[in-house]
Amino acid sequence: MSPILDDSKNQPDPTGEESSNPIFEARVYSPQIEQYLERFYDIFQRIANEIGKVFVGQNELVTGTLVALFSSGHVLIESVPGLGKTLFVRALGKALGCKFGRIQFTPDLMPSDITGSPVFNMKTQEFHFRPGPVFTQFLLADEINRSPAKTHAALLETMQENSVTVDNVTHTLQQPFFVLATQNPIESEGTYNLPEAQIDRFMFKLIADYPTEDQEKEILILHGKRIDPSQKLEAVQPVTFPEEIIELSNLINEIYIAPQLIDYINKIVRLTRHYPRLSLGASPRAGLALMQGARTLAAFRARPFALPDDVIQLALPTLRHRVTLSPEAEIEGQNIDHLLTQLVRSIDIPRT
């Protein structure tokens, strides 16, 4: 894990003592957000604890997913098979009290297989809309890069609009609606690359890596017996419910962002557009995602204001899928995360 994303050094702190610099603190806090700060912190901790009953490690994945959820964004996860992504999503959906759905993407998957389609009723002699699997609250889009572009477009349109239009009739999706898509980085046969314009719709791209030696030992102990996954999930208890998630998500905008921090975010995003070894820079949507994510992370840490630490921690998940290596960098075997880490460190952190 990159040191810029080391969660062990940035665990949520309800005292808000990461920085004593007053420039990031609002002079007048919203009484409404102050009332809910303890609830934000409590929910984060309890959800992490409930997931930990069946899912071991991957702190970056857990934190990034929760930040995106409460920021009304979506997540793309890149990992090899067998790291427990489906178990993680099901456990998270149960802890959040949300309905869970799953779509296994294949080359022959059609857009209607995702959104649903009209079905003729022989009794009434009428067509009725049959909802597809996208009509849920917590959706796992597994191996999204195994389907062609028109199928990607159907899912990404629902992510953007939070609705499905079939035969000129719009069907609104139930809120909250959160998509967690996965792709395998090591397979290329039978896969389709996500276009840059579509991949930009994901708030974060998170990397699920192999567990450490101690974590893998814990996994063997925890899941060493053959037990039905649904039975394992019985240990996970709901921490919150959809209505509260929506209410808390709407309060994120009350978290204070200092003008100096906005400038810092803007410098990071703009530098990606002319940084050496990068041929494609991030769009303004990246700055919006980084700012909103920093607000949510501050709320999870029971702070009514965001700090540069929040921005730095979320920089790689926000930017790594929105930039492209130059041909020279690819030949040299350069790594996007390494370049972005250097980029962020080259910008002075606002402190005065």
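Please refer to the structure placed before this passage.
All residue numbers here refer to positions counted from 1 along the written sequence of the relevant chain. Under the rules for a predicted model, residues below a pLDDT of 70 receive no local features and side-chain atom pairs below 80 are neither given nor counted, while totals for whole chains, interfaces and linings still include all residues. To obtain the side-chain values, all non-hydrogen atoms of the structure were used and water was disregarded.

Novice: With reference to specific residues and values, describe the layout of surface pockets.
Specialist: Here the second largest pocket is characterised by a volume of approximately 570 Å³. The way it works is a 1 Å grid over only the protein atoms, where trapped points that fit a 1.4 Å probe form a cavity and open points with protein on both sides within 12 Å along at least five of seven lines form a pocket, and then any residue with an atom within 4 Å of a point lines it. Forming the boundary of the second largest pocket are 26 residues, of which S71, S72, G73, H74 and M203 lie nearest the centre. For helices the rule is a DSSP run of H or I covering at least 4 residues; for strands it is a run of E covering at least 2, with both sets numbered from the N terminus onward. Of all the secondary structure elements, the ones that give two or more residues to the lining of the second largest pocket are α2 (59–70), α5 (149–161), α9 (242–251) and α11 (284–300). Amino acids are sorted into nonpolar (Ala, Val, Leu, Ile, Met, Phe, Trp, Tyr, Cys and Pro), charged (Asp, Glu, Lys and Arg) and polar (every other residue, Gly among them). Class assignment of the residues belonging to the lining of the second largest pocket gives a composition of 11 nonpolar, 11 polar and four charged. Grid points are joined across faces, edges and corners, and a volume is the space filled by probe spheres set on the points.

Novice: Summarise the packing of α2 against α11; cite the residues concerned and give the values.
Specialist: In helix packing, the relevant descriptors are the interaxial angle and the interaxial distance, both defined with respect to the helix axes. Between the N-to-C directions of two axes lies an angle of 0 to 180 degrees, each axis being a line fitted to C-alpha atoms and, for a helix, fitted only over the stretch in contact. Contact pair α2 / α11: the axes reach a minimum separation of 9 Å and the direction vectors enclose 110°. One element, α2, and the other, α11, form an angle in the roughly perpendicular class. Classified by chirality, the crossing of α11 by α2 is right-handed. Residues T63, L66, V67 and F70 of α2 touch α11, and the partners they reach there are G293, T296, L297 and F300. Classifying every residue of the contact of α2 with α11 gives five nonpolar, three polar and no charged. Any angle from 65 to 115 degrees is called roughly perpendicular, while one under 35 is roughly parallel, one over 145 is roughly antiparallel, and all others are oblique. The crossing is said to be left-handed when, going from far helix to near helix, the turn is anticlockwise and less than a right angle, and right-handed when the turn is clockwise. Residue contacts are defined here by distance: any two heavy atoms, one from each residue, within 4.5 Å place the two residues in contact.

Novice: Could you give me a rundown of a negative patch on the surface, with the residues and numbers involved?
Specialist: Like-charged residues are merged into a patch within 9 Å and nonpolar side chains (Val, Leu, Ile, Met, Phe, Trp, Tyr) within 5 Å, provided each residue has over 30% relative accessible area and no salt bridge. Working definition of accessibility: Shrake-Rupley area with a 1.4 Å probe, residue cover restricted to the visible protein chains. A pairing counts as a salt bridge when a side-chain nitrogen of Lys or Arg comes within 4 Å of a carboxyl oxygen of Asp or Glu. We score Asp and Glu as negative and Lys and Arg as positive, and we do not count His or the chain ends. By convention, charge coordinates are those of NZ in Lys, CZ in Arg, CG in Asp, or CD in Glu. On the surface, a cluster of negative charge is contributed by E213, D214, E216 and E218. By the element assignment, D214 lies in helix α7 (residues 213–222). To sort residues, take the accessible area from a 1.4 Å probe on protein chains only and compare it with the maximum for the residue type: under 20% means buried, over 50% means exposed, and anything in between is partly exposed. Judged by relative accessible area, which is 62%, D214 ranks as exposed.

Novice: Please set out the side chain of T240 residue by residue, giving values where relevant.
Specialist: Tracing the backbone through its elements, the reader meets T240 in the loop between α8 (229–232) and α9. What makes T240 buried here is its relative accessible area of 4%. Within the local environment of T240, its side chain forms a polar contact with the side chain of E244, the two groups lying 2.5 Å apart. The residues contacting T240, other than those within four sequence positions of it, are R39, I43, A95, L96, G97 and I245. A 3.5 Å cut-off defines polar contacts: any pair of N or O atoms within that distance qualifies, except that in protein one atom must be a possible hydrogen donor and the other a possible acceptor, and neighbouring residues in sequence count only when both atoms are side-chain atoms.

Novice: Tell me about unusual backbone geometry, and please be specific about residues and values.
Specialist: Backbone torsion omega between Q175 and P176 reads -5°, so that peptide bond is classified as cis. Note that P176 resides in the loop between β7 (169–172) and β8 (178–183). Notably, A302 is not glycine yet its phi reads approximately 60°, a positive angle. Mapped onto the elements, A302 comes out in the loop between α11 and α12 (308–319). When its relative accessible area of 15% is taken as the criterion, A302 is described as buried.

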